[in-house]
Amino acid sequence: MKRRVAVLISGRGSNMTALIEAAKAEDFPAEIAVVVSNKAGAEGLARAQAAGIDTLVIESKSFGKDRAAFEAKLQSALDDNRIELICLGGFMRLFTAEFVQRWQGRMLNIHPSLLPSFRGLDPHGQALRAGVKISGATVHFVIPETDAGPIIIQGAVAIRDDDTAETLAARVLEIEHRIYPDALRLVASGGTRLDGDICKTSANASLDDSLISPSVI
Ligand code: GAR
C-alpha cells in the first residue's frame, strides 16, 4: 500500500511538482493525496490541479496569531484525507510544538542550504556572505526548532565566484527537485530509522561522490 502524503505549500510549489512527478511511478511507495496551501493565491495550487491532485486552501491569515486553531483545521483536513506523511514545500508558517510532536518522524521539510548552516531566511545570501565554496539543500524531519531536525538526505553544489543569490538558488533548486523525491521514497518505504537525533538510512553513500570546489586544475 502506498503511503498517503499531504504536501503543504505557500507559493510556487516547484518541490511539490517534483514530488507529484516522482509519485507517478508505479513503484513509488507514496502517493500525493492532497496539496494544502495556507495562501489562496499560491501558484502551486494551479499546478497541483493541473496534475489532477486534490487541493485545499486553509487561509492562515484569518487565524491571526491563533496557531492552534489553524492547526486544528489543518489536522481535521489531514484526518479526512487519511494522511500518513506530510511534506512541507516552501510552507511559510511556523507550527506549534504540539503539532510538530504529533507528526514526529512523519513530517519532512526541505531547506536550500547544507544544514545546520544557514537556517532561516535568505540562505543563499548567507552562504555567499560566508564565502563557503559548497552549498546545497537538505531534507530533514521537522522538529519544533525551525530548519532543524534529523537529516534524511543532502545534495551539494559548487559555488562560483560570480554567483548571486539568484544564480545559486537556481542551481540548488535543481538539487532540491532530485533529493526531495529520494527522501520521500526512503521514508515511505521504511528506509529510515531514528537513532536519537540522527537519521540512519538504508541507502548508502556512493564512495566516489566527492565534490571539491573550486576545482584547481
Ligand atoms: C524552496 O527553495 C525551499 O527549499 C524553500 O522554499 C522554496 C520553495 O520553493 N524552503 C525554505 O526556505 C524553508 N525554510 P517551491 O515552492 O518552488 O518548492
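Being a predicted model, the structure only gives us computed values, none of them experimental. (Residues numbered from 1 in each chain as written. Predicted model: local features only at pLDDT ≥ 70, side-chain atom pairs only at ≥ 80, totals over all residues. Heavy atoms only, no water.)

Visitor: Is there a simple way to think about the sheet that holds strand β2 (residues 30-37) in this case?
Guide: For sheets, the rule is that strands pair by backbone hydrogen bonds, running either parallel or antiparallel. Spatially, the seven strands line up as an open sheet ordered β3-β2-β1-β4-β5-β6-β7, and their pairing is mixed. For this open sheet the edge positions go to β3 (54-57) and β7 (151-158), each flanked by a neighbour on one side alone. Recorded for the sheet is a direction-independent mean angle of 20° between the axes of neighbouring strands. Helix α6 (residues 165-188) rests against β1 (3-9), β2, β4 (85-89), β5 (107-111), β6 (134-141) and β7 of the sheet, and its axis sits at about 155° to β7. (Pairing = 2+ DSSP bridges. Helix = DSSP H or I, 4+ residues; strand = E, 2+ residues; numbered from the N terminus. Axes fitted to C-alpha atoms, helices over the stretch in contact; angles between N-to-C directions. Contact = heavy atoms within 4.5 Å.)

Visitor: In this structure, what is going on with the packing of helix α1 (residues 14-22) against helix α2 (residues 43-50)? I would like to understand it.
Guide: The relative placement of two packed helices comes down to the angle between their axes together with the axis-to-axis distance. Running from amino to carboxyl end, α1 crosses α2 at an angle of 15°, the nearest separation of the two axes being 9 Å. Here α2 runs roughly parallel to α1, going by the angle between their axes. In the packing of α1 onto α2, the handedness of the crossing is right-handed. For the pair α1 and α2, the contacting residues are Ser14, Met16, Thr17 and Ile20 in the first and Gly44, Arg47 and Ala48 in the second. Looking at side-chain class alone, the contact of α1 with α2 contains three nonpolar, three polar and one charged residues. (Parallel < 35°, antiparallel > 145°, perpendicular 65-115°, else oblique. Left-handed = near helix turned anticlockwise from the far one by under 90°. Nonpolar A, V, L, I, M, F, W, Y, C, P; charged D, E, K, R; others polar.)

Visitor: Is there a simple way to explain the environment of Glu21 in this structure?
Guide: Note on placement: Glu21 falls in helix α1. On the accessibility criterion, Glu21 (45% relative accessible area) is partly exposed. Glu21 sits 34 residues away from Thr55 along the chain, and the two C-alpha atoms are 16 Å apart. In this structure the side chain of Glu21 is engaged in a polar contact, spanning 3.0 Å, whose partner is the side chain of Lys24. (Buried < 20%, exposed > 50% of the residue type's maximum accessible area, 1.4 Å probe, protein only. Polar contact = N/O pair within 3.5 Å; in protein donor to acceptor, adjacent residues only side chain to side chain.)

Visitor: For this particular structure, what's the right way to read α2?
Guide: In an α-helix, one turn spans 3.6 residues; hence positions three or four apart end up facing the same way. Among the residues making up α2, those that are buried are Gly44, Leu45 and Ala48. Seen end-on, α2 carries its buried residues on one side only, within an arc spanning 110°. Away from its buried face by more than 90 degrees, α2 exposes Glu43 and Ala50. Of the surrounding elements, those touching the buried residues of α2 are β1, α1, β2 and β3. Positive phi appears at Gly52, one or two residues downstream of α2, with a value of about 80°. (Arc of directions from axis to C-beta.)

Visitor: Got a minute to help me understand the site of the ligand in this structure?
Guide: Residues in contact with the ligand, as listed here, are Arg12, Gly13, Ser14, Asn15, Gly89, Gly90, Ile110, His111, Pro112, Asp147, Leu173 and Glu176. In the environment of the ligand, an oxygen atom lies 2.6 Å from a nitrogen or oxygen atom belonging to the side chain of Ser14. Separating an oxygen atom of the ligand from a side-chain N or O atom of Glu176 is a distance of 2.6 Å. In isolation the ligand has 450 Å² of accessible area, and contact with the protein removes 86% of it. Broken down by secondary-structure element, the contributors of at least two residues to the shell around the ligand are α1, β5 and α6. (Near = heavy atom within 4 Å. Areas by Shrake-Rupley, 256 points an atom, 1.4 Å probe, with all protein chains shown as cover.)

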